[in-house]
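Fold and geometry: a report
One letter stands for each residue in the lines below.
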Amino acid sequence: MDRCAVYIDGLNLYNSALRGSTSRWLDIEEFARAIVHPHELVSVMYVTGRLNPDDASDRESPKRQRAYLKALSARGGVDVVAHNFVVPTEPRVVSRGGSWHDRTDPPLPDALASELDAM
C-alpha cells in the first residue's frame, strides 16, 4: 500500500473553502484520510499564520483560530505549525526588469500557448 503525507496550508484552506461555511471546525485528520484514500496516511502537517487582532477584519477571529489550533494539537494526529503572519505594507518585486505588469503577470511562453490552442 502506498504511504502518503499531507501538507495543508491553513490560511489558504480557510479562505478558499471554509470561510462562510458551517464546516469551519473541519477534522483535518479525517479530511486528509479522505484525500489519500485508499492509501495509508502517515502524517498530516497543518501550517498556518497566527492572526493578529490589529490586522483582522473580525477582531474575534484570532481567538477562534487559537481555539481551533489548540483543539487540533490536543486531539493528536496532526502536526500544527503556526508562524507569525505578516501583512506586507509595500509591493514586492517578483522579478527584475520589464514593466510592473510583465513582472506580476508574465505572458505564457509561445510554445505553451500554441500547445494549449491546439487542444
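Residues numbered from 1 in each chain as written. Predicted model: local features only at pLDDT ≥ 70, side-chain atom pairs only at ≥ 80, totals over all residues. Heavy atoms only, no water.

**Section: the packing of aromatic side chains**
To describe a pair of aromatic rings, one takes the distance between the centres and the angle between the planes. Under the definition given, this model contains 2 aromatic pairs. Ring centres of Y46 and Y68 lie 6.1 Å apart, and the angle between their planes is 75°; on these two criteria the pair is classed as edge-to-face. Highlighted residues: Y46 in strand β2 (residues 40-50) and Y68 in helix α3 (residues 61-75), separated in sequence by 22 residues. Side by side, Y46 and Y68 carry an identical accessibility label, which is buried. (Phe/Tyr/Trp six-rings, centres within 6.5 Å; stacked < 30°, edge-to-face > 60°. Helix = DSSP H or I, 4+ residues; strand = E, 2+ residues; numbered from the N terminus. Buried < 20%, exposed > 50% of the residue type's maximum accessible area, 1.4 Å probe, protein only.)

**As for the side chain of T48**
Mapping T48 onto the fold places it in strand β2. Residue classification places T48 among the buried residues on the basis of a relative accessible area of 6%.

**Some points on the side chain of S61**
Relative to the helices and strands, S61 resides in helix α3. The residues contacting S61, other than those within four sequence positions of it, are L51 and A56. (Contact = heavy atoms within 4.5 Å.)

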